[in-house]
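Examining the three-dimensional arrangement
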Amino acid sequence: MTLTRRLTLALVAGTVMTTGAFAQDWKAKYPELVYATVPAENASGVTERFGPFMEYLSKELGVPVKLRIAADYAAVIEGQRGGTIHIGDYGPSSYIRAHTVSNGGVDAFATMRAFDGSTGYYAVAYTKSSFAGTKLEDFKGKNLCLVDPNSTSGFNVPMFAMSKMGIEPAKFFSKVVNAGSHENAILAVQQGTCDVAFNWWNSDEDSNFARMANKGMVKKEDFKIVFRSDKIPGSPYAVLTNMPADLKAAIAKAFFDAPTKAPDAFKKLSDGKSPGFAPAKHNDYQVTIELQKFVDNLRKKGS
């Protein structure tokens, strides 16, 4: 065997041993990983949707990945700030809030593509089909349902859009209700608690409302859309910045490989409406940072 050949084999062997050692190092520190998502649907729906994906991630990463069902958006934000949630599944505004309060302690790495391969989504306002109004301005004096204050499509974008339309929610509507989750907002309209409610939407077949209709919770013909926003940056998945680089790389790879390595799990996660994940980085959310500042200033003014 030539000297060059021996050196090459030694280098390869050393690289393999070093890579294996790094993997063992992070597995010793992180014998279990926790994944949490901001709430859009009820707990049973979250478990059903995410369960197979957690199993896939556990297999790919070689350590258990546990799903934490958060009660509200703040629970995911605070969990990542405290380091107890390793992978956070956010909307743009809640991600920016998490990044801010953790002093850059969380970092976006992926977002799910829409059905056509694009990234991003919209905020829409739903009301009952039987109501006469065709646009948001027609609902003066009615009851409005927003989602969690850290929701992009359910709170921040609507507040920004209404401000641009000259609508002060507290004065324009009879009552403004924070429903907590996207499902709760829709159900409030169905039950008559609210007359109009904001939600997220990619298309008529890919939205929170479509999910609810597919589960038999609502009937599509009973609702209509009376507002749609400009496009919003895609909802990011974020990891803790201080985790080992090889762990973060392994998580990202598992996400991007999911459509081919675990098609059934990915189909369940995405409702079969997405071709896969797209890379994301913090700078993609600069517009959301500005949106967050706008909404925070509105709160300071008492709007």
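Anything mentioned here points back to the structure above.
What comes next concerns the included structure.

Procedures and definitions
Residues numbered from 1 in each chain as written. Predicted model: local features only at pLDDT ≥ 70, side-chain atom pairs only at ≥ 80, totals over all residues. Heavy atoms only, no water. Buried < 20%, exposed > 50% of the residue type's maximum accessible area, 1.4 Å probe, protein only. Helix = DSSP H or I, 4+ residues; strand = E, 2+ residues; numbered from the N terminus. Pairing = 2+ DSSP bridges. Phe/Tyr/Trp six-rings, centres within 6.5 Å; stacked < 30°, edge-to-face > 60°. Expected span 1.5 Å × (residues − 1). Contact = heavy atoms within 4.5 Å.

1. Regarding the pairing of strand S11 (residues 236-240)
- Burial of S11 is extensive: five of the five residues sit out of reach of the surface.
- Two elements, strand S3 (residues 87-89) and S11, share three bridges in a ladder whose sense is antiparallel. If you follow Asp89 over to S11, its bridge partner there is Tyr237.
- Summarising the sheet, strand S4 (residues 106-112) and S11 pair through five bridges and their orientation is antiparallel. In the strand pairing of S11, Ala108 is matched with Ala238.

2. Side note on the packing of aromatic side chains
- Under the definition given, this model contains 18 aromatic pairs.
- Judged by centre distance (6.3 Å) and plane angle (40°), the ring pair of Phe53 and Phe277 falls under tilted. Within this pair, whereas Phe53 is found in helix H2 (residues 43-61), its partner Phe277 is found in strand S12 (residues 277-279), the two being separated by 224 residues in sequence. Side by side, Phe53 and Phe277 carry an identical accessibility label, which is buried.
- Measuring from centroid to centroid gives 5.7 Å for Phe198 and Phe227, while their planes differ by 75°, and the two rings are edge-to-face. Linking Phe198 in strand S8 (residues 196-203) with Phe227 in strand S10 (residues 223-228), this pair joins segments that are 29 residues apart in sequence. No difference in accessibility class separates Phe198 from Phe227, as the two residues are buried.
- A network of ring pairs unites the aromatic residues Phe53, Tyr56, Phe109, Tyr237, Phe255, Phe266 and Phe277 as a single cluster.

3. Considerations on helix H11 (residues 286-300)
- Compared with an ideal rise of 1.5 Å per residue, which puts 15 residues at 21 Å, H11 spans 21 Å between its outermost C-alpha atoms and is within 8% of the ideal.
- Those residues of H11 that sit buried are Thr288, Ile289, Leu291, Gln292, Val295, Asp296 and Leu298.
- Against the buried residues of H11 lie helix H4 (92-101) and helix H5 (152-164).

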